[in-house]
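Okay, here's what each chain looks like letter by letter:
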Amino acid sequence: MNFLNIKGRVLRRTDAGFESAVLDTLFNKQALERMPDLLAEPTDVDDIITVIRYARSAGKKISICSGGHSWSANHVRNDSVLISMTHFNRYEVDKANMRAKAGPAVGGSVLLTALMKQDLFFPAGHCKGVCIGGYLLQGGFAWNGRKLGMACESVIGYDIVTAEGELVHASETENADLFWAARGAGGGFFGVVVQFHLRLYPRPKYIGAMTQVFGMKHLEDVFQWAWEVGPDIPPAVEFQLLMTRQTLTFCGPGIEAVAPVFADTKEELEAAVDFMRNSPVRKKAFLRTPLLRSGIGSMYRFAMTHYPERHCWGVDNMWTHAPATELIPFLRQIADTLPPAPAHVLWLNWHPPVRQSKMAFSVEDQIYIALYGAWKSPADSPRYGAWAADWMRRMEHLSTGIQLADEGLHRRPARFLSAEHLQQMEAIREQRDVKGVFHRWHDAGGGR
Ligand SMILES: Cc1cc2nc3c(=O)[nH]c(=O)nc-3n(C[C@H](O)[C@H](O)[C@H](O)COP(=O)(O)OP(=O)(O)OC[C@H]3O[C@@H](n4cnc5c(N)ncnc54)[C@H](O)[C@@H]3O)c2cc1C
């Protein structure tokens, strides 16, 4: 037993291996000037309750980590107790009722791959390694997400340990305030989620993708086309432009136009990519693929080419509905300053429907632009670390807010909840976390 008398591992700042254990929790390897005082790895709910009681009595704040994929390393904070949920990595599928229960440290790709083998589906994220803990709390932009909605809209219940150290269930009818807040609070949530209750869907019958790759000289034409065609792209398609100095990992600088499709019929699959087949710029592409049928494994492999492990990352983003004429001159300058691959720019065609769900998540727009600065050696951090945040700051007048998925709030404050929802969130926090035990978002002012 350790000094907290819990079953899981506990390391204090003075213990050998403490710092490396904290850094091991992180996907983003960028050097940090923050460090918690204690790392606890509870194995069950009783352990979590003990850790919360300890933090309260010691006057420390709590931060939480499930998969450690927060770009801003949101869980690594000074003067705090870090709860790593690494042991909460089990899931159970109830096919008859189209439901699943899953711990926060279950990888989204692990869950989805297992579900698809049973002809089931859940809107999991696009990369391996991301765990459902942080992913579902911030909203969750998913494979087939333009059809199925934000992934958190498919969460029907949460088991949560509160700031008072009490295990509660939250759903539409029970602790509805926590249920509302958990669907969008992201890294500012005030409780420890120990289990998610999920709604499942039948597996889409047809998955495929069409790709066209353009040289940088066509940047203006390609983004103009993407902007114009965006509103008419069917919800079965998550159309995106990926701008990088190394398209397809070896083809040099340019823009990958990718249309992944999740369809229920062959006709839907084929029709979904008509906008690519008939595109006025398609002939300018130096590489064009037909519509290729694919499994989810290939989709993950393609996505991961842009997000390799063991790199430092500086990431920021914006939602926008600004005219192409205002966005494109910035995109040209961003292309000119783009760090080497795997750094890249993502333009995602979103055009969301009006959402009916009662949830905290409230900021989205027609187009999503995210900048992913990436570099291998920490010595390059001064050179590339602020690239993404600096460009997003210059483009703030064109932005309507950010996604918490790709937040860089430690570098640049931005709006991530509507004013009304931020106010409601803070009112719930005051009731549920009276003593302010849980850390808030890096930008302590919240959204603006
Ligand atoms: C390579 C990569 C690809 C990504 N792809 C996508 C994508 O396709 N779609 C998308 O929507 N997002 C994506 N993201 C963003 C990702 O969803 C968020 O960073 C998310 O927070 C990661 O979840 P996590 O559990 O792995 O991270 P963590 O860093 O562990 O969690 C992030 C924050 O969430 C809170 N939190 C985590 N677990 C709990 C818990 N159990 N209880 C209470 N609070 C908790 C904590 O405040 C924590 O700091 C991606 C990120 C990376 C690095």
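Residues numbered from 1 in each chain as written. Predicted model: local features only at pLDDT ≥ 70, side-chain atom pairs only at ≥ 80, totals over all residues. Heavy atoms only, no water.

S.K.: When you look at the site of the ligand in this model, what are you seeing that I'm missing?
M.R.: Near the ligand lie 31 residues; those nearest to it are Ser66, Gly68, Asn74, His126 and Phe141. The side chain of Asn74 places a nitrogen or oxygen atom 2.8 Å from an oxygen atom of the ligand. At 3.3 Å, a backbone N or O of Tyr135 approaches an oxygen atom of the ligand. Taking 950 Å² as the accessible area of the ligand by itself, protein coverage stands at 95%. No other element matches the five residues that helix H4 (residues 132–138) contributes to the shell around the ligand. (Near = heavy atom within 4 Å. Polar contact = N/O pair within 3.5 Å; in protein donor to acceptor, adjacent residues only side chain to side chain. Areas by Shrake-Rupley, 256 points an atom, 1.4 Å probe, with all protein chains shown as cover. Helix = DSSP H or I, 4+ residues; strand = E, 2+ residues; numbered from the N terminus.)

S.K.: I'm lost on the domain arrangement of the chain in this one. Help?
M.R.: When the parts of a complex come together, some accessible area is lost, and that lost area is often taken as the interface size. Under the domain assignment used here, the chain contains domain 1 (10–84), domain 2 (91–203) and domain 3 (206–398). The C-alpha-based centres of domain 1 and domain 3 are spaced at 33 Å. Counting residues at the interface gives five residues for domain 1 and 12 residues for domain 3. Roughly 720 Å² is buried in total at the junction of domain 1 and domain 3, and carbon and sulfur atoms are behind 68% of that figure. If you sort the residues of domain 1 by the area they bury against domain 3, Phe27, Gln30 and Trp71 come out on top, with a joint share of 71%. At the boundary of domain 1 with domain 3, the tally comes to zero salt bridges. The interface formed by domain 1 and domain 3 contains two residue pairs in polar contact (both at pLDDT 80 or more). Of the residues that constitute the side of domain 1 that touches domain 3, the class distribution is two nonpolar, two polar and one charged. (Domains from an automatic or database assignment. Contact = heavy atoms within 4.5 Å. Buried area = accessible area lost by both parts, 1.4 Å probe. Salt bridge = Lys/Arg side-chain N within 4 Å of Asp/Glu carboxyl O. Nonpolar A, V, L, I, M, F, W, Y, C, P; charged D, E, K, R; others polar.)

S.K.: How do you make sense of the state of the cysteines when you look at a structure like this?
M.R.: Applying the stated rule across the entire model yields zero disulfides. Not engaged in a disulfide, the cysteine Cys152 finds its nearest cysteine sulfur in Cys131; these two sulfurs lie 17 Å apart. (Disulfide = S-S within 2.5 Å.)

S.K.: Got a minute to help me understand the confidence of the model for the chain in this structure?
M.R.: Parts of the model with low pLDDT should not have their predicted coordinates read in detail. Considering every residue of the chain, the mean pLDDT works out to 97; 99% of them sit at 70 or more. For the chain, the element scoring lowest by mean pLDDT is helix H10 (residues 296–304), at 94; strand S10 (residues 192–199) scores highest, at 99. (pLDDT = per-residue confidence, 0-100.)

S.K.: Sorry, what's going on with the nonpolar core here?
M.R.: One broad rule of soluble globular proteins: the nonpolar side chains tend to lie buried together. Ranked by size, the top nonpolar core spans 87 residues in total, and within it Leu136, Tyr158, Phe189, Val192, Leu198 and Met425 carry the most contacts. If near-sequence neighbours (up to four positions away) are discounted, Tyr158 is found in contact with Cys152, Val168, His169, Ala170, Phe179, Ala182, Arg183, Val193, Gln195, Phe196 and His197. Within the second largest apolar cluster, 50 residues are counted, among which are Val229, Ala257, Val273 and Ala285. (Core = buried A, V, L, I, M, F, W, Y, C linked by side-chain atoms within 4.5 Å. Buried < 20%, exposed > 50% of the residue type's maximum accessible area, 1.4 Å probe, protein only.)

S.K.: What am I meant to see in the environment of Val229 here?
M.R.: Among the secondary structure elements, Val229 is positioned in helix H7 (residues 219–229). A residue is classified by how much of its surface remains accessible, and Val229, at 16% relative accessible area, is buried. Along the primary structure Val229 and Gly140 are separated by 89 residues, whereas in three dimensions their C-alpha atoms are 25 Å apart.

S.K.: I would appreciate a short explanation of the pairing of strand S6 (residues 99–102) in the present structure.
M.R.: Sheet faces and side chains relate simply in a regular strand, where the side chains alternate between the two faces. Where burial is concerned, the two faces of S6 differ: the one with Ala100 and Ala102 is buried and the one with Arg99 and Lys101 is not. One ladder, built from four bridges, connects strand S5 (residues 91–94) with S6; its direction is antiparallel. Note on S6: the bridge partner recorded for Val93 is Ala100. Following S5, the chain reverses through four residues before pairing antiparallel with S6; Met98 in that reversal takes a positive phi of roughly 55 degrees. (Pairing = 2+ DSSP bridges.)

S.K.: I tried to follow the sheet that holds strand S4 (residues 80–84) on my own but got confused; where do I start?
M.R.: Whether parallel or antiparallel, the strands of a sheet pair through hydrogen bonds between backbone atoms. Ordered in space as S1-S2-S4-S3, the four strands form an open sheet in which the pairing is mixed. The two strands at the open ends of the sheet, each matched to only one other strand, are strand S1 (10–12) and strand S3 (61–65). Each neighbouring strand pair of the sheet contributes to a mean axis angle of 20 degrees, computed without reference to strand direction. Across the face of the sheet, helix H2 (residues 45–58) comes into contact with strand S2 (38–40), S3 and S4 while running at roughly 170 degrees to S4. (Axes fitted to C-alpha atoms, helices over the stretch in contact; angles between N-to-C directions.)

S.K.: What is the right way to read the pattern of salt bridges from this model?
M.R.: Opposite charge on two side chains makes pairing possible when the charged atoms of those side chains draw close. For the structure on display, the rule yields 20 salt bridges. A salt bridge links Arg13 to Asp37; its shortest N-O distance comes to 3.6 Å. Of the two residues, Arg13 is situated in the loop between S1 and helix H1 (18–24) and Asp37 in the loop between H1 and S2; the sequence distance between them amounts to 24 residues. The salt bridge involving Arg355 is made with Glu153; its shortest N-O contact spans 3.6 Å. With a gap of 202 residues between them, Arg355 in the loop between strand S18 (344–349) and strand S19 (367–375) and Glu153 in the loop between helix H5 (145–148) and strand S8 (155–161) connect regions that are remote in the sequence. An identical accessibility class is assigned to Arg355 and Glu153; each is buried. Three or more residues are tied together by salt bridges with common partners; here these are Lys7, Asp44 and Asp47.

S.K.: Is there a simple way to explain the packing of aromatic side chains in this structure?
M.R.: For any pair of aromatic rings, geometry is given as the distance between the ring centres together with the angle between the planes. Going through the model one piece at a time under the given rule, you end up with 25 aromatic pairs. Centroid distance Trp319 to Tyr368: 4.9 Å. Interplanar angle 50 degrees. Geometry classified as tilted. Taken together, the residues Trp319 in strand S17 (residues 312–320) and Tyr368 in strand S19 connect sequence positions 49 residues apart. Under the relative-accessibility criterion, Trp319 is labelled buried at 0%. Tyr368 gets classed as buried once you look at its relative accessible area, which sits at 1%. Cluster of aromatic residues (ring-pair linked, three or more members): Phe27, Trp71, Tyr307, Trp313 and Tyr372. In this arrangement the basic side chain of Arg394 is found over the ring face of Trp391, its NZ or CZ atom lying 4.3 Å from the centre. Geometry around Trp441 places Arg429 over its ring, the cationic atom sitting 5.0 Å from the centre. (Phe/Tyr/Trp six-rings, centres within 6.5 Å; stacked < 30°, edge-to-face > 60°. Lys NZ or Arg CZ within 6 Å of the ring centre and 35° of its normal.)

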